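A closer look at the structure
Residue-level listing of the chains:
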Amino acid sequence: MDVLADDPGRDWTVPGVYSVAPGVYRIPLPLPSDALKAVNVYAVLDGDDLVLIDSGWALDAAREALVAGLGGIGRGLGDVRRFLVTHLHQDHYTQAVALRREFGMEVALGKGEQPSLDVVSAATSPLSSVYIERLRTAGAFALVDRLASMPRPPRDPGLWGQPDEWLSDRATAAVGSRELTAVATPGHTRGHLVFVETGTALLFAGDHVLPHITPSIGFESAPADFPLRDYLDSLQLVRAMPDARLLPAHGRVTASAHQRVDELLEHHDRRLAQIEALIVAGAGTAYEAASRMTWTRRQRTLSELDPFNEMLAVLETMSHLDVLVLQGRLRRTDVDGSRHYQVG
C-alpha cells in the first residue's frame, strides 16, 4: 500500500494511509455503522519509535485496515510502542486492548475515564441502566419502553481492560525526539483528551472538535453532572490555545482548529436559544423540547431517528436545558423523577 498525500477533496473514509505532516500518517479504519463509517487513527513516527493516537474498534476489518496502513510506512503491529487514546468509546479504545494482549504495547488513557471504565468492565450491573434512568429523568418514557423491547447484544467485559497509564492534564508523551502534550477536554466524555504538538502546530482532536458533525455530549457510562457546560468550557480552552491544524477522529484534516471551534460555539449558542424558546412556548421536559426540534444535517424529526440516535438527541437536549438553568435563563423542578423546566 502506497502512502498518499492527504487530499481534502477525497472521501476521508477510503481505506489507505495518508501523509498529513512530516512523520504523521492518517489511517482510516472501518466502523460497523451506516451513520459513522470510519475512525481516523494517527501514526506518529520518529526514527524507530511509533506511537498511535487512538486504535479503532476491535473488529477483524479494522485490524486488517490498520495492518495495511502500517505496512505502507514500513511498519507492523509489533512495531507500535504505545497507544495514546483520546477517550473510552469503543471505536477509539477497544482495539488497543485487544492488540496489547498479543503484542504487549502500552495503552494510555485520560484519568477522567476511570469511572466509566469501571462500569463497562463489570460483568454485573447492566450497562444500559444509566441511560434508561437519564431518559426517565428527561421525560422520555415512550422511548424507554421502545428501548426495553429491543434485543440487547451480549455484553463482553473482555473488550475492555485497564490502561497501563492514566494520563493527567498536561502530561507529556515522547515519540522519539517529538513531544505531545495531553490536554484535558471533558464534555464528549469526562476524561476526553486532545494531544497537542506545539512545535508543528498539530492538534490530534479525537472527538472534541469534529469538522463536519457536532460531537455527542456526555454519552458515557458514568456521566458528568453538566457535560455541556464542561464541553463549552473545553472548546473555549482550545480556542485560547495557539491555532493548530485540526486532525480529527472523524472527518477530514483541516487547516484551523479555531475556525471549527468558533462554528461549534455558535451552533450551541443557537441551540440554547432555540431550546429556551421552546420552553417559553410550552415544552416542559427535555423529551418534549427534543420532539419539537430537527436533528442531523438532514433536518430529521425526532421520530425519524433510530432509537439510539433518538436517545442521544434527548440527552443532548437535557444537557442544554441544564446549562440554561445554570445561566439563570430557566428554572428546574423535579416532578416524580422527571425534570421540568420553566421560565423565570
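Before going further, it helps to examine the overall build of the protein chain. Secondary structure assignment for the protein chain yields nine helices and 17 strands. For the protein chain, the C-alpha radius of gyration of 20 Å lies close to 20 Å, the compact-globule estimate for 344 residues. The principal-axis extent of the C-alpha atoms belonging to the protein chain is close to 60 × 45 × 35 Å. Per-residue burial over the protein chain gives 52% buried out of 344 residues. Once local pairs closer than 6 in sequence are excluded, the contacts in the protein chain between residues at least 24 apart make up 64%. For the protein chain, the exposed surface amounts to about 14,600 Å²; the carbon and sulfur share of it is 52%.

Looking now at the packing of helix α1 (residues 60-72) against helix α2 (residues 90-103). How two helices pack is summed up by the angle between their axes together with the distance between the axes. Two elements in contact, α1 and α2, have axes whose closest approach is 11 Å; the angle formed by their N-to-C orientations is 70°. Relative to α2, the element α1 lies roughly perpendicular. Seen from above, α1 lies across α2 with right-handed handedness. Contacts from A62, R63 and L66 of α1 reach α2 at Q95, L99, E102 and F103. When the residues that make up the contact of α1 with α2 are grouped by side-chain class, the tally is four nonpolar, one polar and two charged.

It is at 11 Å that the axes of helix α5 (residues 141-149) and helix α9 (residues 307-326) come closest, and there the two elements cross at 145°. Judged by the sense of rotation from one axis to the other, the crossing of α5 with α9 is left-handed. Residues L143, R146 and L147 of α5 form the contact with α9, whose own contacting residues are P307, E310, M311 and V314. Among the residues making up the contact of α5 with α9, the classes are represented as five nonpolar, no polar and two charged.

Strand order in this open sheet of eight strands is β1-β2-β3-β4-β5-β6-β7-β8, and the pairing throughout is mixed. Of all the strands in the sheet, just β1 (3-5) and β8 (165-167) have a single pairing partner and so form its edges. Each strand axis lies, on average, 30° off the axis of its neighbour in the sheet, ignoring direction. With three bridges joining them, strand β7 (residues 106-110) and β8 adopt parallel strand pairing. From the neighbouring strand, G110 faces β8, where its bridge partner is L167. Of the strands in this sheet, β3 (24-30), β4 (38-46), β6 (82-84) and β7 touch α2, which is tilted by about 155° from β7.

Let us now look at the nonpolar core. Grouped together as the largest cluster of nonpolar side chains are 53 residues, with contacts concentrated most on L135, L203, L235, L302, M311, V314 and L321. Within the residue set of this core, elements represented by two or more residues are α4 (129-137), α5, β11 (193-197), β12 (202-206), α6 (227-240), α7 (257-280), α8 (286-291) and α9. Looking at which element gives the most residues to this core, the answer is α9, with nine residues. Once you skip the residues sitting within four places of it in the chain, L203 turns out to touch V194, F195, V196, V238, A244, R245, L246, L247 and A257. Grouped together as the second largest cluster of nonpolar side chains are 32 residues, I27, L29, A43 and L99 included.

Rules and cut-offs
- Residues numbered from 1 in each chain as written.
- Predicted model: local features only at pLDDT ≥ 70, side-chain atom pairs only at ≥ 80, totals over all residues.
- Heavy atoms only, no water.
- Helix = DSSP H or I, 4+ residues; strand = E, 2+ residues; numbered from the N terminus.
- Rg over C-alpha atoms; globule rule 2.2 N^0.38 Å.
- Buried < 20%, exposed > 50% of the residue type's maximum accessible area, 1.4 Å probe, protein only.
- Contact = heavy atoms within 4.5 Å.
- Areas by Shrake-Rupley, 256 points an atom, 1.4 Å probe, with all protein chains shown as cover.
- Axes fitted to C-alpha atoms, helices over the stretch in contact; angles between N-to-C directions.
- Parallel < 35°, antiparallel > 145°, perpendicular 65-115°, else oblique.
- Left-handed = near helix turned anticlockwise from the far one by under 90°.
- Nonpolar A, V, L, I, M, F, W, Y, C, P; charged D, E, K, R; others polar.
- Pairing = 2+ DSSP bridges.
- Core = buried A, V, L, I, M, F, W, Y, C linked by side-chain atoms within 4.5 Å.

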